[in-house]
Number of protein chains: 2
Amino acid sequence: MQNQDDQILNFMVARKTAKMRRRFLFAFGGLLFTSASIMFAPDLALANDATSPHAVSITKTYSAVATRIIDAAIADNEAMDKMEALCLGIGHRLSGSPQLEKAISWAVDAMKADGQQHVHAEPVMVPRWVRGQESATMIAPRKEPLAMLGLGGSVGTSEKGITAKVVVADDEDALNALGDSVKGKIVLFNQAMPPYTVEHGSGYGTGVYFRTHGSRLASKLGAVAVLVRSATAKSLRSPHTGAMRYGDAEVKIPAAAISLEDTNLIVRLVKRGETVSVNLKMAAKNHPDAESANVIGELVGSTNPDEIVVIGGHIDSWDVGQGAHDDGAGCVMAMEAINVLRKLNLRPRRTIRVVLWTNEENGLAGGKAYAKQHAAELSHHVAAIESDSGAFAPRGYSVDCEDEARETVAADQLKEIISLMQSLGELKATVGGSGADVSPMKSAGVVLMGHRVEGSTYFDYHHTLADTVDKVDPKLLSQNVAAMATMAYILADMPDPLGTTTTPMGTD
Amino acid sequence: MQNQDDQILNFMVARKTAKMRRRFLFAFGGLLFTSASIMFAPDLALANDATSPHAVSITKTYSAVATRIIDAAIADNEAMDKMEALCLGIGHRLSGSPQLEKAISWAVDAMKADGQQHVHAEPVMVPRWVRGQESATMIAPRKEPLAMLGLGGSVGTSEKGITAKVVVADDEDALNALGDSVKGKIVLFNQAMPPYTVEHGSGYGTGVYFRTHGSRLASKLGAVAVLVRSATAKSLRSPHTGAMRYGDAEVKIPAAAISLEDTNLIVRLVKRGETVSVNLKMAAKNHPDAESANVIGELVGSTNPDEIVVIGGHIDSWDVGQGAHDDGAGCVMAMEAINVLRKLNLRPRRTIRVVLWTNEENGLAGGKAYAKQHAAELSHHVAAIESDSGAFAPRGYSVDCEDEARETVAADQLKEIISLMQSLGELKATVGGSGADVSPMKSAGVVLMGHRVEGSTYFDYHHTLADTVDKVDPKLLSQNVAAMATMAYILADMPDPLGTTTTPMGTD
């Protein structure tokens, strides 16, 4: 999951009222598909006989096939093998790194070996930020190495580093109150990330603010570098990296995250009246853009192959850990979802397209490029689902569409589809939020969807050395594959495209 | 908490049947104290009037003062300030390090400043193992730095390190089954530590076995080095150090712990048929013994100052983190327990002696030296309590005595005393287990006690970079101070020494 705050807002904060301009665009498009034949799924003959209102027909029509897909996915899939091949065989894969290109080649090869169609890579230029050697060391009142990770996009320091006194700011008001005393200092941002609750989810939106903006804000007051409390609520001396942005900063100063423990060390020493000094060394450098690619693979539709249901995750990761939950899991779920369907000889009316976006973490070049390169096709994209929250217990799907009326219809339809997945847990349809990589398709009216999972631990591992494949439970991964395969199949096969209905509106 | 398995067995495993040889030694000693005056606790006048059986009198006699101690400790104590001074101001403090000697000086100064009596340091020679630069890097099938910590006592490697293929053993049978294939290899011990349960406690006894013995066992089969899965059930790529022993090994080979994630990486790659090679570099060295000291401070008894109740923890720690739960907390609880009593002008009949042992972690020199240096006094030690499990929610006290009859009486008495502490939670008296540093006093018949706390997270932090003061909850720390102050006071003041009774045995 990326870290640019416009995406975070998309994801985390209550959505704004959608514009209604595309309300009727797809409303009757579903008529095109009502006579679709089902070549590979003879037990779906009912689909063509559906005469009851749409709201009833989805559930009735797809109950048997949903069970068949779920049972098959739970019984046997290659998701964990794919996770291990990616996470253990290749490891982390930051944009611009050889590992990312290795992962992209692996994904192409794996989908070809699975027998997927139209498997190819679509070139995208991506930023290339290289961390290099780095360290942060408290040198007064006593010497202590700090657990740190430089932030993606940050400039580096000279070889001997920056040594300065530390001032602490818990929030932006506190920073501004420091005024001139910030000049020549290292600012430590100590804004705590609220712990996860079922009601409010993670506190990531709060926790990540100074990671993104701290350097710009402190630079304006004359700071020489920035340390940021890691965006997490739990820590075993674990620094969390992620992207930062200089925005309109006139002077670019280096920025690094330190662990909660190290933050606490400095904050308490300062409170006890000690003068704390830190030496920060970072060899980080922004290089010219590098070649990368989105990866595509398809289960081509039987009767309406030009109509597309996109499912996917992002193939890049940060340059620590293995990018297992973020977002190897999302990629593998999508790859394996169509693999399960193909092995069942289930081919829906429309095409299910797996897209593994590149460069979600520090630029979103892959998501932007996909929307641009496929602009002519987007009116035929009936849904785009991203999974980028890990492979924890599945919790359902969110829907997000500029056309509020369509979104409302889609949410009702998702509710019906999800009612067929209750063997996978308490899944729900929710409104608002999708995924960073699909968001560039929003203005084209595509119905965006987020694959949702239980969220209590995702941000413990997120962007750390600990986002590794041992944290992925094979059973839960299979449940996610089952949910995504079922959802993708029904969305690609149901007579009316998601968010539209042949039943006159208001009489359903 | 230390890591030598004889101590672990003391702590973790069901105790052996105690010898009965000292059964009657203290049985009637309590008569000496029945006319004791109470100089600083006028509200304890009842103590002298107690005519009911002992079992009743403890509760009745000390109810008011227990409440007074607990309320005072909860309302105001300096434990957190002491924790911060030790953990933030000094940090970790391995035997032989300047930091340990700084901590010892700090403890002496702090107890003097508190107005404690007979404050002094008692010299002890301790081992001096120095970690130096170290690293472990997987070099095949791909390059990946491993999160590692060399084990205390291990020899080092040459500058270029040891590079060898890795073989994996889940247990000793698996190691032996590898036979000749171990020769020239690095053995990775992959024995999982069972997670904590309320019923069985931590799985540390199992988790720590190969950390202690792995090097010796692998060396016998011709291995060139040992990697050990860290002794923990939770990890965010967190290696756990601790002591190892060469025992009768003819060839000493280096040993390091790696994180659960790195263990998993190697184990799964091997299972997938990959050949895994690792380079291990350790500059670790065992130096000649260094000077250190146990720290003593007393609240001298009013009428029987030569009778001693020892309370304490160990002042040394591993050379990572801050030694906060292990065992800064134990030291501070004891220091603050007598401080709370002194501020209340409560002086019990007997002396409460705070002992902060040195070198618990890798040698137990402090515990052994105390028992030796105070051998002549041990018959007057009526109890020795160690706290070495962190400052989590207090859970009561365990008792351990070679004289089983005395132990039984003591357990009953502890139950009564603990009944006065129920405002601090559900505290219990249990039989078996105490602490490593008090264990050398066992053969002298001293009643050993363990200060028990809730144990579900202790081993997440134990011997890691994450054992830091931010993990210590000030409220729980205060509750522990309250419990220890109350327990120490009553043990030092009650008419009969712990485990003895003036009531004829068998009629109580």
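Bear in mind the structure is a predicted one, so any value in this text is a computation, not a measurement. (Residues numbered from 1 in each chain as written. Chains lettered and ligands numbered in written order. Predicted model: local features only at pLDDT ≥ 70, side-chain atom pairs only at ≥ 80, totals over all residues. Heavy atoms only, no water.)

Okay, the relation of the copies chain A and chain B next. Mapping chain A onto chain B leaves a residual RMSD of 0.0 Å; the transformation is a rotation of 180° accompanied by 0.0 Å of translation along its axis. What the superposition gives is, in effect, a two-fold axis relating one chain to the other. The C-alpha atom lying nearest the rotation axis in chain A is that of L236(A); the distance is 3.0 Å. Mapped onto chain B, 100% of the interface residues of chain A are again interface residues, and the two copies thus contact each other with one and the same surface. (Least-squares fit on C-alpha atoms with pLDDT ≥ 70 in both. Contact = heavy atoms within 4.5 Å.)

Residues and elements named next belong to chain A. Per-chain confidence: chain A averages 90 in pLDDT, with 88% of residues scoring 70 or above. The secondary structure element of chain A with the lowest average pLDDT is helix α2 (residues 46–49), at 34, and the one with the highest is strand β12 (residues 350–357), at 99. In the model, residues 3–55 has pLDDT below 50 throughout and makes 130 contacts with residues more than four positions away in sequence or in other chains. In the predicted structure, residues 504–508 sits below a pLDDT of 50 and forms four contacts with residues beyond four places in sequence or in another chain. Here the complex is predicted with pTM 0.89, and the ipTM for its interfaces comes to 0.89. (pLDDT = per-residue confidence, 0-100. Helix = DSSP H or I, 4+ residues; strand = E, 2+ residues; numbered from the N terminus.)

Each side of the interface is counted separately: chain A has 30 residues, and chain B has 30 residues. Carbon and sulfur atoms supply 52% of the area that chain A and chain B bury against each other, a total of about 2600 Å² over both sides. Across the contact surface, chain A and chain B share eight salt bridges. When the shortest N-O distance is used, the salt bridge between E84(A) and R272(B) registers 3.0 Å. Linking chain A to chain B there are 14 residue pairs in polar contact (both at pLDDT 80 or more). Of all the elements in the fold, those that place two or more residues in the side of chain A that touches chain B are α4 (79–87), α9 (260–271) and α13 (458–461) of chain A. Its residues assigned to classes, the side of chain A that touches chain B shows twelve nonpolar, eight polar and ten charged. (Buried area = accessible area lost by both parts, 1.4 Å probe. Salt bridge = Lys/Arg side-chain N within 4 Å of Asp/Glu carboxyl O. Polar contact = N/O pair within 3.5 Å; in protein donor to acceptor, adjacent residues only side chain to side chain. Nonpolar A, V, L, I, M, F, W, Y, C, P; charged D, E, K, R; others polar.)

Residue and element names in this part refer to chain A. Ordered by their spatial adjacency, eight strands build an open sheet running β3-β2-β9-β5-β6-β7-β8-β4, and the pairing between neighbours is mixed. Bordering the open sheet on either side are β3 (144–146) and β4 (148–150), each of which pairs with just one other strand. Shown here is a sheet whose adjacent strand axes are inclined to one another by a mean of 30°, direction ignored. Across three bridges, the pairing between β4 and strand β8 (residues 255–258) is antiparallel. What sits directly across from M148, in β8, is I258. The strands that helix α8 (residues 209–220) touches are β6 (186–189), β7 (225–229) and β8; relative to β7, the one it contacts most, it runs at about 150°. Strand contacts of α9: β2 (134–140), β3, β5 (162–169), β6, β7, β8 and β9 (277–282), with the helix running at about 130° to β3, the strand carrying the most contacts. (Pairing = 2+ DSSP bridges. Axes fitted to C-alpha atoms, helices over the stretch in contact; angles between N-to-C directions.)

On to the packing of aromatic side chains, then. Summed over the entire model, instances satisfying the criterion amount to 16 aromatic pairs over all chains. Here the aromatic rings of F189(A) and F210(A) are separated by 4.4 Å at their centres, their planes lie at 10°, and the arrangement is stacked. Of this pair, F189(A) sits in strand β6 while F210(A) sits in helix α8, placing them 21 residues apart in sequence. Exposure class is identical for F189(A) and F210(A). Each is buried. For the ring pair Y209(B) and F210(B), a centre distance of 5.1 Å and an interplane angle of 85° mean the geometry is edge-to-face. For Y209(B), a relative accessible area of 29% puts it in the partly exposed group. Taking the relative accessible area as the measure of exposure, F210(B) reaches 3% and is therefore buried. Through a chain of ring-to-ring contacts, the aromatic side chains of Y204(A), F392(A), Y458(A) and F459(A) assemble into a single cluster. Lying over the aromatic face of Y461(A), K471(A) brings its terminal NZ or CZ to 5.3 Å of the ring centre. (Phe/Tyr/Trp six-rings, centres within 6.5 Å; stacked < 30°, edge-to-face > 60°. Buried < 20%, exposed > 50% of the residue type's maximum accessible area, 1.4 Å probe, protein only. Lys NZ or Arg CZ within 6 Å of the ring centre and 35° of its normal.)

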